[in-house]
Amino acid sequence: MSVNFLLRCTTRLERHVSAHLVQQRALSGADAVNALRPFYFAVHPDFFGQYPREREVNENSLKRLNGYLENLQKPGSGSVQPMKLTFYVRDTKDGGDVPPDVLTSGFRSVSFTLHTNNVLSTVVNVLKSCSLPMEHMKGLKASAEASKHPAEAGAPVPFYRPIKWDKSYYAFTGLRDPEQELQQARRVEPTLNLWLRNNEPEATKRHSASLPRREELHRLKKELSHKFDLADIRWQRSWGVAHRCCQLQSLSRLSQQNPEALINLQGHTVVFADQSGMNASGHVMLGTMDVHYQWTKLFERLSSYRSLQQHTEWLKERISLLLGGTQVVHVEKLGPVQLIAEHYSTLNTFHKSLLSARLRLHPRSLQGLTMMLENDRSSPSLHEMGHFIIPTSCDPPKLQAFLQSHAPMARQHTQRKNQLEAEEEAVMKLCRHSLSLRTLSKEPSVSSSQMILCCKRLVEQRSPLMQGFHVCVSHFYSVMQDGDLCVPWDWKS
């Protein structure tokens, strides 16, 4: 009997046994979804509409977790690479036993690394890491145990036994050693220097290819801003350089075909976004999927939008007078995109409820404090950044008591936020200079304290491989399509 024939037989046997073992130990996709329902309810991005940075982190982490689970369910997948995930988990408990770190924001940050090799253990790991209930898992665990011991359940016993091949077998055949792969999967993620060495050539290639597009983008932005006296041109999402160039070229063509239409843009900030209109900050949003006709119609209505914006400013002033000087704010990076009409409606409803209550607050007792209005919130809260989050339908007397009792803590949070932002700005400037970076930015999901720690460590390490790059601090490693580097804020040294 030839050696090749024996190898083919043993390979078929190994695949058959491995597939059978996977079927014995794995949950189905539907079982996994049902088991993770408490988790999905606690982290689903739709519940984080008021917190875009936390929403973005959860969206990215859910995509990576789903990919991890899909890889585990593929036939013949003995192990997968380890994956570090970060989630913002909402508090879903009823009662007063809420952890202290959840009271102000309503959620907590949880990070964990997956290095499991089957769906069941992955689901258990996720639920345990997020401190979520697992009572509903008892039935799934029991059925999984029964499938491992079918004789106890009265089912026929299949003939199989685990096969541990000698290391020489894998060396000779070139097949993957599952034990070795599992050991590699359990190792920590790559260090920053190792990742830079492995990815610097590709990043350099992409960055060099993007230089002509970057120059065109800079030229178009400067030309349009000067021609129509625009305050700024921004983008709602992190589109690539080529995508941004196409959007500016489209606006430039419209300005050549119908220059009168863009005259009303004078003094405005233009934001390329998902929909056209004016947002709560008074910026003109141009929907990237809209055609020139829709943009032109928007420009024609800008005078009415400006009138609506003036009314919103008047309502904010009146609300501030009624609430002891507390200012209503709408910060883009802290909340979802809100149209000016919706913002006006929210302010008007809130103002009417305050007028009917006749609150007794000293005109300047809450001077310097800020608040954001939220339609879908049931109770007021204090954000860790120092601003209040107030339901539009909040009972005025309860609101007055809440603002007065939490004002000292709000001032402390605000002072701490201002200190962190000043320190962050200084350390980012030092980091850009020390590492000779073209630009240094961060994702909205990275806090100021995380960014400060990251920049200080980057300055200490002073890696020459980052010189000349555009660097964005995020939660994962990536080389973007234009050669920009994404590095996690808590990179390993």
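The sections below set out a description of the structure shown in this document. Predicted model, so just to flag it, every value in this text is computed and none were measured.

**Notes on the overall build of the protein**
Helices and strands together make up the secondary structure of the protein, namely 16 helices and 14 strands. Taken across its 493 residues, the protein has 42% of its residues classed as buried. Across the protein, the fraction of contacts at a sequence separation of at least 24, relative to all contacts at a separation of at least 6, is 67%. When the accessible surface of the protein is summed, it comes to about 26800 Å², and 53% of that surface belongs to carbon and sulfur atoms.

**Examining the environment of Tyr344**
By the secondary structure assignment, Tyr344 is in helix 14 (residues 340-357). Measuring from C-alpha to C-alpha, the distance between Tyr344 and Gln309 comes to 7.9 Å, with 35 residues separating the pair along the chain. Contact partners of Tyr344, with chain neighbours within four places excluded, come to Leu308, His311, Thr312 and Leu315.

**A closer look at the pattern of salt bridges**
What the rule picks out here adds up to twelve salt bridges. Between Arg214 and Asp484 there is a salt bridge, with its nearest N and O atoms 2.7 Å apart. Taken together, the positions of Arg214 in helix 10 (residues 192-227) and Asp484 in the loop between strand 13 (478-479) and strand 14 (485-488) put the pair 270 residues apart, joining distant regions of the chain. A residue is classified by how much of its surface remains accessible, and Arg214, at 18% relative accessible area, is buried. According to the relative accessible area criterion, Asp484 is partly exposed, its value standing at 22%. For Glu313, the salt bridge is made with Lys316, and the minimal N-O distance between the two is 3.8 Å. Here Lys316 and Glu313 lie together in helix 13 (residues 302-322), a separation of three residues that amounts to about one turn.

**Some details on helix 12 (residues 292-300)**
Since one α-helical turn is 3.6 residues long, residues separated by three or four positions face the same way. All of the buried residues along helix 12 are Trp295, Thr296, Leu298 and Phe299. Angularly, the buried residues of helix 12 cover 160° about the axis, an arc narrow enough to put them on a single face. Buried residues belonging to helix 12 abut helix 11 (241-257), strand 4 (269-273), strand 5 (277-278), strand 6 (284-287) and helix 13.

**Observations regarding the state of the cysteines**
Per the stated rule, a full pass over the model turns up zero disulfides. We note that Cys454 lacks a disulfide partner, and the nearest cysteine sulfur, in Cys455, lies 5.4 Å from it. By relative accessible area, which is 0% here, Cys454 ends up buried.

**Side note on the environment of Val459**
Assignment of secondary structure puts Val459 in helix 16 (residues 448-461). For Val459, a relative accessible area of 13% translates into the label buried. Sequence separation of Val459 and Ser434 is 25 residues, and the distance between their C-alpha atoms is 6.5 Å. Once residues within four sequence positions are removed from consideration, Val459 is found in contact with Leu430, Cys431 and Ser434.

**Considerations on the pairing of strand 12 (residues 470-474)**
The element strand 12 is extensively covered by neighbouring structure, given that five of its five residues are classed as buried. Side-chain alternation along strand 12 places His470, Cys472 and Ser474 on one buried face and Val471 and Val473 on a second face that is also buried. Crossover strand 11 (residues 439-442) to strand 12 through helix 16 is left-handed. In terms of strand pairing, strand 12 meets strand 14 through four bridges, oriented parallel. By the bridge assignment, Cys472 is partnered in strand 14 with Cys486.

**Looking at the packing of helix 13 against helix 14**
Contact pair helix 13 / helix 14: the axes reach a minimum separation of 9 Å and the direction vectors enclose 30°. Taken together, the axis directions place helix 13 and helix 14 in an arrangement best described as roughly parallel. The handedness of the crossing between helix 13 and helix 14 is left-handed. For the pair helix 13 and helix 14, contact is made by Tyr305, Leu308, Gln309, His311, Thr312, Leu315, Lys316, Arg318, Ile319 and Leu322 and by Ile340, Ala341, His343, Tyr344, Leu347, Asn348, Phe350, His351, Leu354 and Leu355, respectively. Partitioned by chemical class, the residues of the contact of helix 13 with helix 14 number twelve nonpolar, six polar and two charged.

**Comments concerning unusual backbone geometry**
Glycine aside, residues mostly have negative phi, and peptide bonds are mostly found in the trans state. Unlike most non-glycine residues, Arg358 shows phi in positive territory, near 55°. Along the polypeptide, Arg358 turns up in the loop between helix 14 and strand 8 (370-374). Despite not being glycine, Arg462 has its phi angle at roughly 50°, a positive value. For Arg462, the location among the structural elements is in the loop between helix 16 and strand 12. Using a relative accessible area of 48% as the deciding quantity, one classes Arg462 as partly exposed.

**Section: empty space enclosed by the protein**
Going through the model one piece at a time under the given rule, you end up with three cavities of 30 Å³ or more. Reported here for the largest cavity is a volume of approximately 50 Å³. Forming the boundary of the largest cavity are Val329, His330, Gln338, His343, Thr346, Met372 and Leu373. Secondary-structure elements contributing two or more residues to the lining of the largest cavity are helix 14 and strand 8. Taken together, the residues of the lining of the largest cavity break down into three nonpolar, four polar and no charged.

Rules used throughout
Residues numbered from 1 in each chain as written. Predicted model: local features only at pLDDT ≥ 70, side-chain atom pairs only at ≥ 80, totals over all residues. Heavy atoms only, no water. Helix = DSSP H or I, 4+ residues; strand = E, 2+ residues; numbered from the N terminus. Buried < 20%, exposed > 50% of the residue type's maximum accessible area, 1.4 Å probe, protein only. Contact = heavy atoms within 4.5 Å. Areas by Shrake-Rupley, 256 points an atom, 1.4 Å probe, with all protein chains shown as cover. Salt bridge = Lys/Arg side-chain N within 4 Å of Asp/Glu carboxyl O. Arc of directions from axis to C-beta. Disulfide = S-S within 2.5 Å. Right-handed = clockwise from strand over helix to strand, strands pointing away. Pairing = 2+ DSSP bridges. Axes fitted to C-alpha atoms, helices over the stretch in contact; angles between N-to-C directions. Parallel < 35°, antiparallel > 145°, perpendicular 65-115°, else oblique. Left-handed = near helix turned anticlockwise from the far one by under 90°. Nonpolar A, V, L, I, M, F, W, Y, C, P; charged D, E, K, R; others polar. 1 Å grid on protein atoms, 1.4 Å probe; cavity = no way out; pocket = protein on both sides within 12 Å on 5 of 7 lines; lining within 4 Å. Points joined across faces, edges and corners; volume = space filled by probe spheres on them.

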